[in-house]
Amino acid sequence: MSDFQKQTVQWFPGHMAKTRRLIKECLSQVDLVTEIVDARIPESSRNPEIKEMIGSKPHIILLNKCDVADERATGQWISFYEKQGIAALPVDCRSGKGLNRFSPKVKEILKDVIEKNTAKGMVGKPLRIMVVGIPNTGKSSFINRMAGAQKAKVADKAGVTRSNQWFAIGNGLELLDTPGVLWPKFDDPSVGDKLAFIGSVKDTVIDLESLAARLIGVLRRDYPERLSERYKITDFEDCQVFEIMDMIGKKRGMLISRGEIDYERVSVMLLDEFRGGKLGRITFERP
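None of these values were measured; they are calculated from a predicted model.

Criteria and thresholds
- Residues numbered from 1 in each chain as written.
- Predicted model: local features only at pLDDT ≥ 70, side-chain atom pairs only at ≥ 80, totals over all residues.
- Heavy atoms only, no water.
- Phe/Tyr/Trp six-rings, centres within 6.5 Å; stacked < 30°, edge-to-face > 60°.
- Helix = DSSP H or I, 4+ residues; strand = E, 2+ residues; numbered from the N terminus.
- Buried < 20%, exposed > 50% of the residue type's maximum accessible area, 1.4 Å probe, protein only.
- Lys NZ or Arg CZ within 6 Å of the ring centre and 35° of its normal.
- Arc of directions from axis to C-beta.
- Contact = heavy atoms within 4.5 Å.
- Expected span 1.5 Å × (residues − 1).
- Polar contact = N/O pair within 3.5 Å; in protein donor to acceptor, adjacent residues only side chain to side chain.
- Pairing = 2+ DSSP bridges.
- Axes fitted to C-alpha atoms, helices over the stretch in contact; angles between N-to-C directions.
- Core = buried A, V, L, I, M, F, W, Y, C linked by side-chain atoms within 4.5 Å.
- Salt bridge = Lys/Arg side-chain N within 4 Å of Asp/Glu carboxyl O.
- Right-handed = clockwise from strand over helix to strand, strands pointing away.

## Here we look at the packing of aromatic side chains
Okay, step 1: Counting across every chain of the model gives 6 aromatic pairs.
Okay, step 2: Look at phenylalanine 102 and phenylalanine 142: their rings are 5.1 Å apart centre to centre, the planes differ by 85°, and that puts the pair in the edge-to-face class. Pair noted here: phenylalanine 102 is in helix H4 (residues 102–109) and phenylalanine 142 is in helix H6 (residues 139–147), with a separation of 40 residues, a long-range link.
Okay, step 3: Taking the relative accessible area as the measure of exposure, phenylalanine 142 reaches 0% and is therefore buried.
Okay, step 4: Taken together, the ring pairs connect Trp77, Phe80 and Tyr81 into an aromatic cluster.
Okay, step 5: The ring of tryptophan 166 has arginine 128 lying over it, and the distance from NZ or CZ to the ring centre is 3.7 Å.

## A look at helix H9 (residues 224–231)
Okay, step 1: Among the residues of H9, those classed as buried are Arg226, Leu227 and Tyr231. The arc enclosing the buried residues of H9, seen along the axis, measures out at 100°, which places them on a common side.
Okay, step 2: Lining the buried residues of H9 we find helix H8 (208–222), helix H10 (241–252) and helix H11 (263–275).

## Observations concerning the environment of isoleucine 54
Okay, step 1: With respect to the element layout, isoleucine 54 can be found in helix H2 (residues 48–54).
Okay, step 2: Its relative accessible area of 8% is what places isoleucine 54 among the buried residues.
Okay, step 3: Separated by 22 residues in the primary sequence, isoleucine 54 and leucine 32 have C-alpha atoms spaced 9.2 Å apart.

## Points about H8
Okay, step 1: The end-to-end C-alpha separation of H8 is 21 Å, in line with the 21 Å expected for 15 residues at 1.5 Å each.
Okay, step 2: Every buried residue of H8 is listed here: Ser210, Leu211, Ala212, Ala213, Arg214, Leu215, Ile216, Gly217, Val218 and Leu219.
Okay, step 3: Summarising the contacts, the buried residues of H8 are in contact with helix H7 (189–198), H9, H10 and H11.
Okay, step 4: Measuring from the side-chain oxygen of the N-cap residue of H8 to the backbone nitrogen of glutamate 209 gives 3.1 Å; that N-cap residue is aspartate 207.

## Brief notes about the sheet that holds strand S3 (residues 87–90)
Okay, step 1: Read from one edge of the open sheet, 6 strands run S3-S2-S1-S4-S6-S5, paired in mixed fashion. The open sheet has two edge strands, S3 and strand S5 (165–170), and neither has a second partner. Here the average twist between neighbouring strands, direction ignored, is 25°.
Okay, step 2: Pairing geometry for strand S2 (residues 59–64) and S3, over 4 bridges, is parallel. Pairing of leucine 62 across the sheet is with leucine 89, part of S3.
Okay, step 3: Set on the sheet, H6 makes contact with strand S1 (32–38), S2, strand S4 (127–132), S5 and strand S6 (173–177); between it and S6 the angle comes to about 155°.

## Describing the nonpolar core
Okay, step 1: Judged by nonpolar contacts, the single largest core of 37 residues is most densely connected at Leu215, Ile216, Leu219, Tyr231, Ile248, Phe274 and Phe284.
Okay, step 2: Of all the secondary-structure elements, those providing two or more residues to this core are H7, H8, H9, H10 and H11.
Okay, step 3: The biggest single contributor to this core is H8, with 7 residues.
Okay, step 4: Once you skip the residues sitting within four places of it in the chain, leucine 219 turns out to touch Pro224, Leu227, Leu279, Ile282 and Phe284.

## Thoughts on unusual backbone geometry
Okay, step 1: Unusually for a residue other than glycine, asparagine 136 sits at a positive phi of about 70°.
Okay, step 2: Among the structural elements, asparagine 136 can be located in the loop between S4 and H6.
Okay, step 3: Residue asparagine 171 is not a glycine yet carries a positive backbone phi of 55°.
Okay, step 4: Structurally, asparagine 171 is set in the loop between S5 and S6.
Okay, step 5: Judged by relative accessible area, which is 53%, asparagine 171 ranks as exposed.

## So, the pattern of salt bridges
Okay, step 1: A full pass over the atoms with the stated rule returns 15 salt bridges.
Okay, step 2: We note a salt bridge from aspartate 203 to arginine 275, for which the minimum N-O separation is 2.9 Å. Taken together, the residues span a long stretch of sequence, with aspartate 203 in the loop between H7 and H8 and arginine 275 in helix H11 at a distance of 72 residues.
Okay, step 3: When its relative accessible area of 22% is taken as the criterion, arginine 275 is described as partly exposed.
Okay, step 4: Connected via shared salt-bridge partners are Glu35, Glu43 and Arg46.

## Structural notes on the pairing of S1
Okay, step 1: Most of S1 is tucked away: 7 of the 7 residues are buried.
Okay, step 2: Taking every second residue as pointing to the same face, both faces of S1 are buried, with Leu32, Thr34, Ile36 and Asp38 on one and Val33, Glu35 and Val37 on the other.
Okay, step 3: Here S1 runs beside S4; their pairing, made up of 4 bridges, is parallel. Paired with threonine 34 across the two strands is valine 131, which belongs to S4.
Okay, step 4: Where S1 and S2 come together, 6 bridges link them in parallel fashion. Each residue of the ladder has a partner; that of threonine 34, found in S2, is isoleucine 60.
Okay, step 5: As for the winding sense of the linkage, the β-α-β connection from S1 through H2 to S2 is right-handed.

Treat this as a map of the structure, not an account of what it does.
Below you can see the structure in the form of structure tokens.
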């Protein structure tokens, strides 16, 4: 258990280099880029290469999963992005919360494009939008919700969209879905951890016990009341993370022979409950 804090997350599948190339090739075909991020880690869930890739192309950031993020922090992030000249909306792509504002915002941003198309006699020409984002931030859920049907594959794990696909979603808009793309190296190990916490890095390439221990460490520091409320544990402020895992395992009855803690079960349960929002509204980053 002593190695819990030492392991860092690194992952860059080969198909992601191809994705970056596809994004660059398709930019000339679109009027606007919609970037979907996880509202719990808005900056860590943004690929730092996207800004360079899209250049001066009009840009909207959707802070997805706002229903499980700290509401006050989400408001701070929206103000932060808007000060940079980037439109930002809080949304929940699974329930559809906030998505009614998407089409009007796109048409507001692309007002000049619409006017130029009209002047050229192309009234009603579809506005084409590229949807980008790292794995598991909700791109497919966004497209499905906007299209009103299961038109894109959706899964609760990273890496299910592997090729570019177009979808007409009504209101004169067309969406280009792209595979989720991470970047080659996380310079800050905490970024890799936060991406793994939300499921943007495949669990199959991670030591889940080590990851769950680091999640407990962050929760103990920033949201100790959530650990206490969810797992009915107290007086753990000065405990080591594995001691807190022991407390949680005992409360949940996750034991193996001779009463020892089943750390694998505790780890999977903890990560699943965090990702499912069962620990309450949590945001790990502030602007």
